[in-house]
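Here is how the chains run, residue by residue.
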Amino acid sequence: MAQRSSGKRFFVWAALAGVIGGGVFLATAELFALLFARAASPILAVGGFVIDIVPQPFKEFAIATFGEYDKIALLAGLGLAVVIASAIAGILQLVRPPLGVIALVIAGVLSTVAIVTRAAVTPLAFVPPVLGTIAGSFILVLLIRRLRAWRASVVAVRTDDTTEAPSADVEPVDGATVRPGFDRRRFFMLTAVAGASALIVGITARTVSMAVSSVEAIRGALKLPSPKSKVVVPEGAELDIPGLSKLFTPNKDFYRVDTALTVPSIDPETWRLVIDGMVDKRVEMSFQDILDMGLDEYAITLTCVSNEVGGELVGTAKWLGVPLRDVLKKAGVKSGADMVLSRSVDGYTASTPLSALTDDNLDAILAVAMNGEPLPLEHGFPVRMVVPGLYGYVSATKWLTELKVTTFADDEAYWTPRGYSAEAPIKFASRVDTPKLGAAVDAGKIPIAGVAWAQSVGIERVEVRIDDGDWVPATLSAPINDDTWVQWFMEWDATPGTHYVAVRAVNKNGDLQIEERAPIAPNGSSGWQRSLIRVT
Ligand SMILES: Nc1nc2c(c(=O)[nH]1)N[C@H]1C(S)=C(S)[C@@H](COP(=O)(O)O)O[C@H]1N2
Ligand SMILES: [Mo]
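Here the structure is a predicted model, which is why all the values come from computation and not from measurement.

Enquirer: Even after reading the chapter, I still don't get the overall build of the chain, so can you show me in this structure?
Expert: Broken down by element type, the chain carries 10 helices and 21 strands. At 31 Å, the chain has a C-alpha radius of gyration far larger than the 24 Å of a compact globule built from 536 residues. Projected onto the principal axes, the alpha-carbon positions of the chain cover approximately 100 × 70 × 60 Å. When burial is assessed residue by residue, the chain has 47% of its 536 residues classed as buried. For the chain, long-range pairs separated by at least 24 residues make up 75% of all intrachain contacts whose partners lie at least 6 apart in sequence. Accessible surface, the chain: about 25700 Å² in total, of which carbon and sulfur atoms supply 60%.

Structural data, given as structure tokens:
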């Protein structure tokens, strides 16, 4: 019986170690692909590559044999190939290190090539397979090292003829007393932990990523009814100055801020909005119920409380939606309430003053579309809130699922116990877009231009000061409404040297933008932006 421990069984365990190294490689890659480069799944990329290179007769054979299951057959085949190849890599690593790791690295390089040569990849697509290769190689090296230690101790025991007193590590194997219990346990412990982690992480990441892509497909096929009213963009609303922010921020450039580790993927078919709390009757609405209310188009500028002076966490979009006051009316708000706690499917909450949502003169909305398409998944698909004049964290809940009518005394939103105010109106502000801070520009006439926002009130005036000169009013673009930013510009005859350009705004109430610097916590930054420009 003792012969069974004579080497061959270690090949089996080395093969297992190889398979686990391969599993860790794939699981790590799937996890990072999900987090920041969804097209970067090694298995799918290699699968796609195989489909592309396989000659037509093979494809026909596959379709004839497996029918509509041809893709599944391909993936199963690939999976089997991965298992066999990694088992071989494990054995190689045991008998001829580092050949096993070299094999794994070659597989990593090949899948990286398969990924980055796919269409529509992001610049970071190489990261998941590279991190996967590193993690997989690391585990393979570690497992085989432990396996060797175990084998060495078995050999040591067998060549030792003296019968020693059993130590704590001595365990009977195949009837004989041997010493390698400790090394064996170390090997199997790591095998179990790495194997189970790879299975759980890999399967979860792939499942989530498949759910996301199926919701992407549903979103892509969604046809929204045309709005009852459209935003009127007046003549002269958009200035044509290089470096100046677009009047409407394209969705792909729109800032994104949320606490979601992975973007929630919600099928609008199963989505429900619940309106409850201090209401006459609890109301449940479907996506179709929202559409049936009739959509209007709204232009609103969104701002994040985390936007620093001169920062980029602000953007303007055309939203399609319905007024929140009409939605709340369906449930009937009880007296005594002063807040609506909105909740996202991922548990995030925001506290919005009830008055901001019921005010007839304020366009607080439930939005379903952004700049002419259904909300992008990252921006709250299928339904989010947008409230002019309040920072996003107290008003702009994405992936909305519940509106609870309540009071500030009774309920608290996500950011409130984390150092941010329960209520946070936007501090109106102005920003220089061009010339860029610290930029070097040529002397002569150049435009200084930027944007300014005072949602729900409107911008009256923007003033610019060069060095210690006077504040000079800038020219404003024609405003769409008081809820969107305006563009501003001033022609400047730049003289050689370094100059400071400062900007400040005045809102339509006649208030001057706050000069005093404040950090973003607890309720938004303030201060006039001042940039240094070098003129040569
Ligand atoms: N579900 C959910 N909604 C959320 C947040 C969040 O973390 N989770 N962040 C809010 C914050 S802080 C801001 S500034 C806006 C940003 O919206 P955007 O990512 O579409 O630009 O969303 C708000 N809505
Ligand atoms: Mo925010």
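On we go.
Enquirer: Can you walk me through the site of ligand 1 in this structure?
Expert: Taken together, 19 residues lie near ligand 1, and Y255, T259, H379, R384 and K398 sit nearest. At 3.0 Å, a backbone N or O of V257 approaches an oxygen atom of ligand 1. A distance of 2.5 Å separates an oxygen atom of ligand 1 from a polar atom in the side chain of K398. Taking 530 Å² as the accessible area of ligand 1 by itself, protein coverage stands at 99%.

Enquirer: It is not clear to me how the packing of aromatic side chains should be interpreted in this structure. Could you clarify?
Expert: Any aromatic ring pair is given by two values, namely how distant the centres are and how the planes are angled relative to each other. All chains considered together, the criterion is met by 14 aromatic pairs. With 5.5 Å between their ring centres and 65 degrees between their planes, W150 and F188 make a pair best called edge-to-face. Here F188 lies in helix 7 (residues 181-221) and W150 lies in helix 6 (residues 127-158), a separation of 38 residues in the sequence. Classification of F188 as partly exposed rests on a relative accessible area of 28%. Judged by centre distance (5.7 Å) and plane angle (65 degrees), the rings of Y393 and Y420 are edge-to-face. A residue pair is termed long-range when its members are at least 10 positions apart, and Y393 in the loop between strand 11 (384-386) and strand 12 (400-406) and Y420 in the loop between strand 12 and strand 13 (429-434) qualify at 27 residues. On the basis of relative accessibility, which here comes to 9%, the residue Y393 falls in the buried class. By relative accessible area, Y420 is classed as buried at 16%.

Enquirer: Looking at this model, I keep getting lost on the sheet that holds strand 13. Mind explaining?
Expert: What holds strands together in a sheet is hydrogen bonding between their backbones, with the strands either parallel or antiparallel. Spatial ordering of the open sheet is given by 13-15-19-18, a layout of 4 strands whose pairing is antiparallel. Two strands bound the open sheet, and with one partner strand each, they are strand 13 and strand 18 (475-476). Of the strand pairs in this sheet, strand 15 (residues 444-453) and strand 19 (residues 486-494) are connected by 9 bridges, and their pairing is antiparallel. By the bridge assignment for strand 19, I448 is matched with M490.

Enquirer: Mind showing me how you'd approach the pattern of salt bridges here?
Expert: Here the idea is simple: oppositely charged side chains can pair when their charged atoms come close. As enumerated under the stated definition, the model contains 18 salt bridges in all. Two residues, R206 and E30, come together in a salt bridge whose shortest N-O distance is 2.8 Å. In this pair, R206 is assigned in helix 7 and E30 in helix 1 (residues 8-36), connecting sequence segments 176 residues apart. Measuring nitrogen to oxygen at the nearest pair gives 3.3 Å for the salt bridge that ties D296 to K228. Taken together, the residues D296 in strand 5 (residues 296-303) and K228 in the loop between helix 7 and strand 3 (272-277) connect sequence positions 68 residues apart. According to the relative accessible area criterion, D296 is buried, its value standing at 13%. The exposure class of K228 is exposed, given its relative accessible area of 59%.

Enquirer: Just to check I follow, could you spell out the sheet that holds strand 8 (residues 349-353) for this structure?
Expert: Pairing within the open sheet is mixed, and its 5 strands lie in the order 4-3-12-7-8. Both outer strands of the open sheet, strand 4 (283-286) and strand 8, are each paired with one neighbouring strand and no more. The sheet shows a mean angle of 20 degrees between the axes of neighbouring strands, taken without regard to direction. Bridging between strand 7 (residues 339-344) and strand 8 involves 5 bridges; their strand directions are antiparallel. Note that in strand 8 the partner of V340 across the bridge is T352.

Enquirer: When you look at a nonpolar patch on the surface in this model, what are you seeing that I'm missing?
Expert: Judged by side-chain polarity, L31, L35, F36, V116, L124, F126, V130, L131, I134, V201 and L261 come together as a nonpolar surface patch covering roughly 890 Å² of accessible area. As for its position among the elements, L35 is in helix 1.

Enquirer: Hey, could you run me through the nonpolar core in this one?
Expert: Generally speaking, a soluble globular protein has its nonpolar side chains buried in company with each other. By size, the foremost hydrophobic cluster in this structure holds 76 residues, and its most contacted members are L273, I275, W319, L366, V368 and L403. Broken down by element, this core gets its largest block of residues, 6 residues, from strand 9 (residues 365-370). Each of domain 2 (251-418) and domain 3 (429-535) contributes no fewer than three residues to this core. Once residues within four sequence positions are removed from consideration, L403 is found in contact with L273, V274, I275, D276, L324, V327, L328, V340, L341, S342 and M385. Of all hydrophobic cores here, the second largest spans 23 residues; its members include I43, L94, L140 and W150.

What counts and what doesn't
- Residues numbered from 1 in each chain as written.
- Chains lettered and ligands numbered in written order.
- Predicted model: local features only at pLDDT ≥ 70, side-chain atom pairs only at ≥ 80, totals over all residues.
- Heavy atoms only, no water.
- Helix = DSSP H or I, 4+ residues; strand = E, 2+ residues; numbered from the N terminus.
- Rg over C-alpha atoms; globule rule 2.2 N^0.38 Å.
- Buried < 20%, exposed > 50% of the residue type's maximum accessible area, 1.4 Å probe, protein only.
- Contact = heavy atoms within 4.5 Å.
- Areas by Shrake-Rupley, 256 points an atom, 1.4 Å probe, with all protein chains shown as cover.
- Near = heavy atom within 4 Å.
- Polar contact = N/O pair within 3.5 Å; in protein donor to acceptor, adjacent residues only side chain to side chain.
- Phe/Tyr/Trp six-rings, centres within 6.5 Å; stacked < 30°, edge-to-face > 60°.
- Pairing = 2+ DSSP bridges.
- Salt bridge = Lys/Arg side-chain N within 4 Å of Asp/Glu carboxyl O.
- Axes fitted to C-alpha atoms, helices over the stretch in contact; angles between N-to-C directions.
- Patch = residues over 30% accessible without salt bridge, like charges linked within 9 Å, V, L, I, M, F, W, Y side chains within 5 Å.
- Core = buried A, V, L, I, M, F, W, Y, C linked by side-chain atoms within 4.5 Å.
- Domains from an automatic or database assignment.

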